[in-house]
Amino acid sequence: MRKATKTATLALAATVSLMALSACGGDGAGTANESAAATNEARAPDGRKYLSQPLVTEIFTADPSAHVWGDGKIYVYPSHDIEANITNDDLGNQYAMRDYRVLRMDRIGGPVTIGPVALDVKDVPWASQQMWAPDAAYKDGTYYLYFPARDKTKDKNGLGKFMVGVATSKDPMGPFKAEPKPIEGAFSMDPAVFTDADGKSYMYFGGIWGGQLQRWKDGKFDPNGSDTDLMQDDKPALSGKVALLNPDMKSLAEKPRDAVILDEKGKPVLGGDHDRRFFEASWVFKKDGKYYYTYSTGDTHFLNYAIGDNPYGPFTFKGHIMKPVQGWTTHHSIVEHGGKWWLFYADTQLSNKNHLRSVKVTELKFNPDGTIPTIDPFVD
Ligand code: FUB
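Residues numbered from 1 in each chain as written. Predicted model: local features only at pLDDT ≥ 70, side-chain atom pairs only at ≥ 80, totals over all residues. Heavy atoms only, no water.

(A) Structural context of the pairing of strand E19 (residues 280-287). For E19, the tally of buried residues reaches seven of eight residues, placing the bulk of the element in the interior. In this structure, E19 lies alongside strand E20 (residues 290-296), joined through six bridges in antiparallel fashion. Following the sheet pairing, Trp283 is matched in E20 by Thr294. Taking the residues that link successive antiparallel strands as the turn, the E19-E20 hairpin has two residues, and the phi of Asp288 there is positive, at about 50°. (Buried < 20%, exposed > 50% of the residue type's maximum accessible area, 1.4 Å probe, protein only. Helix = DSSP H or I, 4+ residues; strand = E, 2+ residues; numbered from the N terminus. Pairing = 2+ DSSP bridges.)

(B) Fine view of the sheet that holds strand E6 (residues 112-120). Taken in spatial order, the four strands make up an open sheet running E3-E4-E5-E6, and their pairing is antiparallel. Edge positions in the sheet fall to strand E3 (60-68) and E6, since each has one partner strand and no second. Neighbour-to-neighbour, the strand axes of this sheet turn through a mean angle of 25°, independent of strand direction. Here strand E5 (residues 99-105) runs beside E6; their pairing, made up of six bridges, is antiparallel. Each residue of the ladder has a partner; that of Asp99, found in E6, is Asp120. (Axes fitted to C-alpha atoms, helices over the stretch in contact; angles between N-to-C directions.)

(C) Region of interest: the sheet that holds strand E13 (residues 201-205). Judged by pairing direction, the sheet is antiparallel, and its four strands sit side by side in the order E12-E13-E16-E17 without closing on themselves. Two strands close off the open sheet at either side, each with one partner strand: strand E12 (192-195) and strand E17 (257-259). Going across the sheet, the axis of each strand differs from the next one's by a mean of 35°, ignoring polarity. As paired strands, E12 and E13 are joined by four bridges and run antiparallel to one another. Of the residues in E13, the one forming a bridge with Phe194 is Tyr202.

(D) The arrangement of the environment of Gln326 in detail. By the secondary structure assignment, Gln326 is in the loop between strand E22 (315-322) and strand E23 (333-337). For Gln326, a relative accessible area of 6% translates into the label buried. When the C-alpha positions of Gln326 and Lys353 are compared, they lie 9.4 Å apart, and in sequence the two are 27 residues distant. Reaching out from Gln326, the side chain makes a polar contact with the backbone oxygen of Thr348 at a distance of 3.0 Å. Reaching out from Gln326, the side chain makes a polar contact with the side chain of Asn352 at a distance of 3.2 Å. (Polar contact = N/O pair within 3.5 Å; in protein donor to acceptor, adjacent residues only side chain to side chain.)

By themselves, these figures tell us nothing about what the structure is for.
Shown next, in the form of structure tokens:
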């Protein structure tokens, strides 16, 4: 998932105007909050001004999966970052998240409600630790929370393997009840569920390095497999996975396929092409009949997009959605609300620590030909 290399020392900038952010529920939240670090005047260590401000300051959040459900509100299913005092490493052990909290807002820019704990790792029978980037879906009165976590096996590092689970609730804010076992046939991390206009839902998943995708072959996991070295710079890059979900939304209807990303000549993007190859954070949306497969490049810190004609791809690389943020990782989602498209992402403005991130949102625009002008997360 990450190498803990992109660091900077942050002297949190002086505050001029304080921005009120609201929250409720759970640990300590519930009243309007004013944070010196979260202001329109806050600057990064190198002096650049942030494009947008954290959605909430009461807790650290990352990997935001945003959805608009039937009530027209925006629900964000993020990771809930915590300080576990674990030294940064390339396996991402410092990302020691234990639970999920859901964010809700009526509109972009409006007050944000932080829900109570929606799912705790202690209530997931198969999981041991590290509740990483989740997503959610809705069908017939039930909300589905998809999430990755390490299971209880032990690999060569003494750690469980990442698997993908599902939990359900009648309330979009939770609490969610986890299924007793991970989803059969799904593996690695970063599940994202896209529901097409015909009602069929597809799960995208996978992430290399700490997400362990490089250790999976033909549906089998190698507990002694590589942690970082892909050894395939001149070969087609590893692909994220995609599989149709069964109507029960809790199981795969087929063996996962590769979500292949092609270059402008129709050839698969190579493993050595770190500015373009898939690393983690799949997210798919549809616009004007085209399927946008979006993802993070990990160690080069871009959010990218590629376009295809169907949910399985192949997808042709088109460009960067966003340049690198402050912090090692960003992970995003894209949703339409109020007649505009929005990019949810995260950075480390409030902490300057890679594992303590804050979710942000900014408008995503499209050119007339469907391409996306690259967003700079800094304004100057
Ligand atoms: O938040 C933990 C992991 O970091 C996610 O699963 C990845 O996408 C990256 O954001």
